[in-house]
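Chain by chain, the residues run as shown.
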Amino acid sequence: MASFIERMCLYRVLVLSVFMSITQAVDRSNFKTCDQSAFCSRQRAMKPGQSSYTALLETLELSDSHLTVQLLNNNNKVLLLLELYRLQGNMTRVKINELKPIKARYEVPDVLITDPPTELMSVVAQDEHRVVLSLGGEDWRLILSAQPFRLDIMEGPQVLLSLNSRGLLAFEQLRIRKDTKSQTDTEEAGEKEDTEQHDKEKVSEGEEEAEEEVDQPGMWEETFKTHADTKPNGPSSISLDFSLPGVEHVYGIPEHADGLRLKNTDGGDPYRLYNLDVFQYELFNPMALYGAVPVLLSHNTHRTMGLFWLNAAETWVDVSSGQGSSEVPQTDVRWISESGIIDVFIMLGPRPNDVFTQYSSLTGTQAFPPLSSLAYHQCRWNYNDQEDVSAVDQGFDEHDIPYDFIWLDIEHTDGKRYFTWDNNKFPQPKDMLQGLLHKRRKMVTIVDPHIKVDSSYKIHTEIRSRGYYIKNKDGGDYEGWCWPGNAGYPDFTNPEMRKWWASMFAYDQYEGSMENLYTWNDMNEPSVFNGPEVTMHKDALHGPWEHRDIHNLYGFYVQMATAEGQIQRSGGLERPFVLTRAFFAGSQRYGAVWTGDNAAEWGHLKMSIPMCLSLGLVGISFCGADVGGFFKTPSAELLVRWYQAGAYQPFFRAHAHLDTPRREPWLFGPDNTALIREAVRQRYTLLPYWYLQFYHAQRTGQPVMRPLWVEYPEDIATFSIDNEFLIGRDLLVHPVTDERSSGVTAYLPGNGEVWYDVHTFQRHDGAQNLSIPVTMSSIPVFQRGGSIICRKNRVRRSSSCMENDPYTLYVALDSQGKAEGEIYIDDGHTFKHKTDKQFIHRRLSFTANSLSSSDLSPDSQFPTASWVEQVNILGAQKPDAVTLTTTDGGESSVEFEFDPDTAVLTLRKPGVNAGVNWTLHLR
């Protein structure tokens, strides 16, 4: 009993400390700086200079698929193996590993969707100092220099990228600890013999005796606060530098609460990639947050390129911008990881869309979400019980505000036992879900990956009996503290564990679940309240691998298993919806992410834009931030402005902390309710356009929410803009993010282009800064001239209720009087668009005073009851008559109105089905 009481007291202290941190900004002392991280400090102590590595060109071997050559460390005589691959799609892969490690080093599995196909490389020149390789075409060359080792990728005479030009390649080889004490003299003698033999091999291979390496603090064990990290494999960190001549702007490597353009880290901490549970994170800080995508993009007016550093261990990234050797701008990037190997993909563009295509060919594209998940989500920690859920649901109907999903946080469970319900608060979950289903609405419940240690809890006993828990360094089940108290952590790196977890989402396993119940994976960094940096000890074990090797993959695997469970429960028919907090490269294949525990502050509203833009650049399009802020209490003005901004971001969910006052949209007075209602309704009218953008994202890897420079890569004015953005190509949004704002200045890009205010239809020229007066009802949004956007203007209580409603087309003419767009329709929730080609994809084109619809996928078919109710042509002239012709040869006149003040031509009720060929003629 005493032990139990002590444990409960510790649990209360831990939870109390968590809640106390809510009232303050993040306690930085809980998280390491580079100086406090032994391997980062050690590596960063290296200064640029001549590399200690030589490429032994006499060992070079060239096969059909790749080139290999040995690298010699001239200091310790350790040999590395360099592998070079020319990949299809204008990419180069560089791998560096120990030639003969004393044990295998971790290589990241499951993130690449396939073994990337290679293309032939050929040697075009070689001497004792270098090898010149062809990368295809006459101008593309890769130069491998021997002494010191260096790689340069060239286009003609121009250096696009240099690797190890600053001499910062460092590879700490695995070794046997010199002061290790054996249990027996025999073991000690054996270890000594192995060590001596290993040293002899190194001397033989290196031809001269190695310098004796001196152990430094933190190599074999490290302590942070009260937590000790044993390192049985000793130091194993790696480092490599890349130089980008002519580049001043680099982006990516989320997740950080910082601006879109990466800052110079000279004199401060590097950007850190290490998935952590950070309460109320600070803004403009390179500290690690919940997710880590080790992908960096560089951009200038001539070229966009990308670097994908495939390593799941703790990683730090230094960015240094300045002048190169010839006073040309240059950015240097250095990657430092604690373990694993160097495995980097160089994506050579040259255009932004080429880089997105290249990266998605490696890690996959954004999963095509159910249409309803692109609508509005209502959440808080926590809705109290079934009656509360019903009251909130009814409140949306009473105030005529649509929504699709209502969410339940951890309190809905039986004592934080996931896959269960609190029988007192939610005694009839199926009745609750059935009530939502009747209104064509859905629910999300939280399922976290910390499992309450309780012998009466089925999930725990099954995982323990199957041996699926992560182990501690001594071989027992790893346990830590989280919301349920003492918890075990399933080893999601084990495919058998993932398979079992997926099976738990079956309707006969997850009691009370139905087809309209979806899932939220939180705390999956993993969060361990009493662990170092609020996460797992690095010397915990996943089979043969330490947690330090796989840390940033944990959340990726949790979401993977959960998404697979949702697919399996439907027999492979239904698309899943899974929200995750922790993520890695490739997480886009499994669902959505959000920016974590933000605060009800104007700065956090502003920061939601660059945070989601950064994620979109590295493949994760389905991103959003908690509308209103998770911590603290927003003013009515801030809440309204956040709804207006959130309505134009991919994942649109309001969420709030347990201790904040209720903030359902109708609790701030009728005026604010009306403003929020209008923002949410704007989201619903645009769902056809959002759905089209996600259709393209899952086909091509292009981001849905994108920086202006992606579409205007030669316009320098766009390179640092992160307070406005594009949705697809055709909608530009500049949310109001300042308190008591009376105006904003939006940059409209494109010399010679035109933009139309979507609310007033006023036309503006591109390539200008436009001053826009705003009121509390203003959401500055512009449609690009030359585009056609489809909306559904009959907003109902949920997106599913709008399935068969008609479309209104907004045809925004460019300066040549032309426009193009698309419409995409399927059932909105199954995989039949892929398996059975059940979809409609059509091109809409306005040219020569005619608007037509033609089939982009004639081998697909899908019946739709939706029809074209209205066409608004912006920038038009008044015609004498408008006629409609269809494929059956029929012709009829169409009613129209023309407003000379706005130059908008409105065609009323063409009455044509949205899935057939037709043409409207303006005469």
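A brief report on the enclosed structure follows. (Residues numbered from 1 in each chain as written. Predicted model: local features only at pLDDT ≥ 70, side-chain atom pairs only at ≥ 80, totals over all residues. Heavy atoms only, no water.)

**What to know about the overall build of the chain**
Consideration 1: Across its full length, the chain holds 16 helices and 52 strands.
Consideration 2: Radius of gyration (C-alpha) of the chain: 29 Å, near the 29 Å computed for a compact globule of 923 residues.
Consideration 3: Relative to its 923 residues, the chain shows a buried fraction of 62%.
Consideration 4: Here the contacts in the chain between residues at least 6 apart in sequence split such that 72% fall between residues at least 24 apart.
Consideration 5: Working note: accessible area of the chain is about 34200 Å², and carbon and sulfur atoms make up 47% of it.
Consideration 6: Positive and negative side-chain charges in the chain, numbering 86 and 124 respectively, have mean positions lying 4 Å apart. (Helix = DSSP H or I, 4+ residues; strand = E, 2+ residues; numbered from the N terminus. Rg over C-alpha atoms; globule rule 2.2 N^0.38 Å. Buried < 20%, exposed > 50% of the residue type's maximum accessible area, 1.4 Å probe, protein only. Contact = heavy atoms within 4.5 Å. Areas by Shrake-Rupley, 256 points an atom, 1.4 Å probe, with all protein chains shown as cover. Lys, Arg positive; Asp, Glu negative; His and termini not counted. Charge placed at Lys NZ, Arg CZ, Asp CG, Glu CD.)

**Concerning the sheet that holds strand β36 (residues 731–733)**
Where strands meet in a sheet, backbone hydrogen bonds hold them as pairs that are either parallel or antiparallel.
Consideration 1: Within the open sheet, the six strands sit side by side as β34-β35-β36-β41-β38-β39. Their pairing is antiparallel. Two strands close off the open sheet at either side, each with one partner strand: β34 (705–706) and β39 (763–765).
Consideration 2: Bridge count between strand β38 (residues 754–757) and β39: three bridges; the pairing is antiparallel. Directly across from Trp755, in β39, lies its bridge partner His764. (Pairing = 2+ DSSP bridges.)

**A look at helix α11 (residues 602–617)**
Consideration 1: In a regular helix each residue adds 1.5 Å, so 16 residues correspond to 22 Å; α11 covers 24 Å between its end C-alpha atoms and thus fits that length.
Consideration 2: Among the 16 residues that make up α11, 14 are buried, leaving the element largely enclosed by the rest of the structure.
Consideration 3: Positive phi appears at Gly619, one or two residues downstream of α11, with a value of about 100°. (Expected span 1.5 Å × (residues − 1).)

**Brief notes about the packing of aromatic side chains**
Consideration 1: Evaluation of the coordinates by the stated rule reveals 47 aromatic pairs.
Consideration 2: Summarising the aromatic geometry, the rings of Phe396 and Trp666 are spaced 4.9 Å apart at their centres and angled 90° between planes, so their arrangement reads as edge-to-face. Pair noted here: Phe396 is in helix α5 (residues 386–398) and Trp666 is in the loop between β33 (652–654) and α13 (670–685), with a separation of 270 residues, a long-range link.
Consideration 3: Taken together, a centroid distance of 6.2 Å and an interplanar angle of 50° make the contact between Trp421 and Phe426 tilted.
Consideration 4: According to the relative accessible area criterion, Trp421 is buried, its value standing at 7%.
Consideration 5: Following the ring pairs from residue to residue traces out a cluster consisting of Phe405, Trp407, Tyr518, Trp520, Phe577, Trp594, Phe622, Phe651 and Phe694.
Consideration 6: A cation over a ring is seen here: Arg569 above Tyr518, with NZ or CZ 5.4 Å from the ring centre.
Consideration 7: Sitting above the plane of the Tyr807 ring, Lys792 keeps its charged end 4.8 Å from the centroid. (Phe/Tyr/Trp six-rings, centres within 6.5 Å; stacked < 30°, edge-to-face > 60°. Lys NZ or Arg CZ within 6 Å of the ring centre and 35° of its normal.)

**Comments concerning the pairing of strand β22 (residues 405–408)**
The two faces of a sheet get side chains in turn, since along a regular strand they alternate between them.
Consideration 1: Every second residue of β22 is oriented toward a common face, with Phe405 and Trp407 on one face and Ile406 and Leu408 on the other, all of them buried.
Consideration 2: Of the pairings in the sheet, the one linking strand β21 (residues 376–378) to β22 comprises two bridges and is parallel in character. Bridged to His377 within β22 is Phe405.
Consideration 3: Crossover β21 to β22 through α5 is right-handed.
Consideration 4: In the sheet, β22 pairs with strand β23 (residues 442–446) via four bridges, with the strands oriented parallel. The partner of Leu408 across the bridge, within β23, is Thr445. (Right-handed = clockwise from strand over helix to strand, strands pointing away.)

**A word on the sheet that holds strand β25 (residues 479–482)**
Consideration 1: Ordered by their spatial adjacency, three strands build an open sheet running β24-β26-β25, and the pairing between neighbours is antiparallel. With partners counted over all chains shown, the strands left at the sheet margins are β24 (451–452) and β25, one partner each.
Consideration 2: Where β24 lies against strand β26 (residues 485–488), two bridges are found, and the strand directions are antiparallel. Across the sheet, residue Ile451 finds its bridge partner in β26, namely Gly488.

**Focus on the side chain of Thr420**
Consideration 1: Looking at where Thr420 falls in the secondary structure, it is placed in the loop between β22 and α6 (429–438).
Consideration 2: At 2.4 Å, the side chain of Thr420 forms a polar contact with the backbone oxygen of Arg417.
Consideration 3: Ignoring anything within four residues of it in the chain, the contact list for Thr420 reads His412, Thr413, Asp414, Tyr457 and Tyr510. (Polar contact = N/O pair within 3.5 Å; in protein donor to acceptor, adjacent residues only side chain to side chain.)

**A few points about the state of the cysteines**
Consideration 1: Counting across every chain of the model gives two disulfides.
Consideration 2: Bridging Cys34 to Cys40, the disulfide has an S-S length of 2.0 Å. In this structure, the disulfide formed by Cys34 and Cys40 twists by about -100° around the S-S bond and is classed as left-handed. As far as the burial class goes, Cys34 and Cys40 line up, both buried.
Consideration 3: Between the sulfur atoms of Cys612 and its disulfide partner Cys623 the distance amounts to 2.2 Å. Disulfide Cys612-Cys623: torsion about the S-S bond near -70°, hence left-handed. A residue pair is termed long-range when its members are at least 10 positions apart, and Cys612 in helix α11 and Cys623 in strand β32 (residues 623–624) qualify at 11 residues.
Consideration 4: Accessibility expressed as a relative area gives 0% for Cys623, which makes it buried.
Consideration 5: With its disulfide-bonded cysteines labelled consecutively along the sequence, the chain is connected as 1-2, 3-4.
Consideration 6: With no disulfide of its own, Cys379 has Cys623 as its nearest cysteine by sulfur position, at a separation of 16 Å. (Disulfide = S-S within 2.5 Å.)

**Digging into α6**
Consideration 1: Within α6, the full set of buried residues consists of Pro429, Met432, Leu433 and Leu436. In a view along the axis of α6, the buried residues occupy a sector of 95°, so they form one face of it.
Consideration 2: Looking at the buried positions of α6, the neighbouring elements they touch are α5, β22, β23 and β27 (517–521). (Arc of directions from axis to C-beta.)

**With respect to the nonpolar core**
Consideration 1: One finds Phe308, Met443, Trp501 and Tyr643 to be the most contacted residues of the largest nonpolar core, which totals 171 residues.
Consideration 2: With nine residues, the single largest contributor to this core is α11.
Consideration 3: Discounting chain neighbours no more than four positions away, the residues touching Trp501 are Phe419, Val447, Asp448, Pro449, Ile451, Phe492, Val558, Ala561 and Thr562.
Consideration 4: One finds Val69, Leu160, Val247 and Ile346 within the second-largest nonpolar core, a separate group that totals 51 residues. (Core = buried A, V, L, I, M, F, W, Y, C linked by side-chain atoms within 4.5 Å.)

**Comments concerning the environment of Arg380**
Consideration 1: With respect to the helices, strands and loops of the structure, Arg380 is situated in the loop between β21 and α5.
Consideration 2: Remark: the alpha-carbon pair of Arg380 and Ala717, spanning 337 residues in sequence, is separated by 39 Å.
Consideration 3: For Arg380, the contacting residues outside a window of four places in its chain are Trp407, Asp409, His655, Ala656, His657, Leu658, Thr660, Pro661, Arg662, Arg663 and Glu664.
Consideration 4: Engagement of the side chain of Arg380 in a polar contact is seen with the backbone oxygen of His657, the distance being 3.3 Å.
Consideration 5: Here Thr660 takes part through its backbone oxygen, which lies 2.9 Å from a polar atom of the side chain of Arg380.

**Side note on the pattern of salt bridges**
For side chains bearing opposite charge, pairing can occur when the charged atoms are close.
Consideration 1: Inspection of every chain in the model, using the stated rule, returns 53 salt bridges.
Consideration 2: Across the salt bridge formed by Arg441 and Asp393, the nearest N and O atoms sit 2.8 Å from each other. Taken together, the residues Arg441 in the loop between α6 and β23 and Asp393 in helix α5 connect sequence positions 48 residues apart. By the burial criterion, Arg441 is buried, and Asp393 matches it.
Consideration 3: Salt-bridge contacts for Glu525 lead to Arg581; the nearest nitrogen and oxygen are separated by 2.7 Å. Of this pair, Glu525 sits in the loop between β27 and β28 (541–542) while Arg581 is found in the loop between β30 (578–580) and β31 (592–594), placing the two residues 56 residues apart along the sequence.
Consideration 4: Judged by relative accessible area, Glu525 falls into the buried class, the value being 0%.
Consideration 5: Looking at Arg581, the relative accessible area reads 1%, which means it is buried.
Consideration 6: Overlapping salt bridges bring together Asp229, Arg272, Glu314, Glu338, Glu533, Lys538, Glu546 and Arg548 as one network. (Salt bridge = Lys/Arg side-chain N within 4 Å of Asp/Glu carboxyl O.)

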